[in-house]
Amino acid sequence: MPAAVAAAAFLAGWLATACAPDAASTPADDVAAPEGMVYVPGGATRIGAEDGTPAERPVFEAQVAPFFMDVHPVTVGQFRAFVEATGHVTEAERLGDAAVYDPDTGGWQLLPGADWRRPMGPEAPPAPDDHPVTQVSWNDAVAYAKWAGKRLPTEIEWEHAARNARNADGPYAWGDALVEDGEHRANTWQGPFPGGNTGEDGHLFTSPVGAYGATELGLTDMGGNVWEWTADWFRPYAERDRPFTPDATSEKVQRGGSFLCHVSYCHGYRVSARSHSTPDTALFHVGFRLVKDRARQSFPPQ
């Protein structure tokens, strides 16, 4: 076969594979994911919930390309490796304080000395290495992502993954209930709020990643434990296609809920729930996980 014909045939085949609708829905079993990540097939996903908060409406459909996603949020140990390799100083450390919630008073405070190492303050024990890192701002998360060769997910990607890449309609990434067969499926608040967390799920604050099992895709902590930063600016869905210029008051979207969430006032661990904070904010119940684009096949050498 002449070289020009072979090249043309290869190009046609490559384009057909890369652009075909089913290219985004390759079964996860057929794709090898990088270490510590799972493959999230692409496809159409419903975003939002008509019975959710106003921020979750109107519901719309989005097309999502396939990608890889971290199995769990970035841990304290992983973040420490980043700091030791780069000398990164978080925004909470530079500012000298970070936000901590006091469940006894029902109020937030900027606690001097609180940072990713000791998210509850300098007098509290250090955060365990296998817990999600917290007290990291969106800017800190982006710095880590660049070092790791990954990126923050868009909130559409996050919800697509939480719906198990098949548009699952359950309220939670793992199913329909917070407790299944007597086992808690997420680290959330139990008891009256504020001041009454009974800790029935085994943890009052953060928990080790993966402690409550995995979703159908193999992801853990997709509800509860910590809210997770995403790449997107927080905007009403009705305005998502309009021009937008962020300013000093603009906020980034967080997904997934946390150990502070309870169905009576937050219910943030639903797949469609949204929260938001400014990019420089550090909070003791907010962390992040990363994603990586699926590499496309390259053209043959000329």
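Keep in mind the model is a prediction, meaning the values are calculated, not measured.

Draft legend 1. Seen up close, the pairing of strand S5 (residues 97-102). Taken together, the 6 bridges between S5 and strand S6 (residues 107-112) define a ladder with antiparallel strand orientation. Counterpart to Ala99 in the pairing with S6 is Leu110. Here S5 folds back onto S6, and the loop between the two strands holds 4 residues, one of which, Gly106, carries a positive phi near 75 degrees.

Draft legend 2. Here's a closer look at the nonpolar core. Residues Val40, Met69, Phe79, Val133, Met222 and Phe288 are the most contacted members of the largest nonpolar core, which totals 41 residues. Residue assignment for this core shows that the elements contributing at least two residues are strand S1 (37-40), strand S4 (67-70), helix H2 (76-86), helix H4 (138-148), helix H5 (155-162) and strand S9 (227-233). Ignoring anything within four residues of it in the chain, the contact list for Met69 reads Gly36, Met37, Val38, Val40, Pro153, Trp158, Ala161, Leu219, Met222, Arg289, Leu290 and Val291. Membership of the second largest hydrophobic core comes to 11 residues, among which are Val100, Ala114, Trp189 and Leu260.

Draft legend 3. Here's a closer look at the sheet that holds strand S11 (residues 275-277). Taking strand neighbours across the sheet as the criterion, the 4 strands line up as S11-S10-S9-S12 in an open arrangement whose pairing is mixed. The open sheet has two free edges, formed respectively by S11 and strand S12 (286-287), since each of these has just one partner strand. Both S9 and strand S10 (residues 252-255) contribute to a ladder of 3 bridges, which runs antiparallel. Bridge pairing links Glu228 to Arg255 in S10.

Rules of the game
- Note that residues are indexed from 1 along each chain, following the sequence as it is written.
- Local features in this predicted model are restricted to residues of pLDDT 70 or higher, and side-chain atom pairs are both shown and tallied only at a pLDDT of 80 or more, whereas totals for entire chains, interfaces and linings draw on every residue.
- In computing side-chain values, all of the structure's heavy atoms are included and hydrogens and water are not.
- In this scheme, strands are said to pair when DSSP sees at least two bridges between them.
- Helix and strand assignments come from DSSP, with helices taken as H or I runs of at least 4 residues and strands as E runs of at least 2, each series counted from the N terminus.
- By convention a nonpolar core is built from buried Ala, Val, Leu, Ile, Met, Phe, Trp, Tyr and Cys residues, the set being connected through side-chain atoms within 4.5 Å.
- We call a residue buried when its accessible area falls under 20% of the maximum for its residue type, exposed when it is over 50%, and partly exposed in between, using a 1.4 Å probe and counting protein chains only.
- For this analysis, residues touch if any pair of their heavy atoms sits within 4.5 Å.

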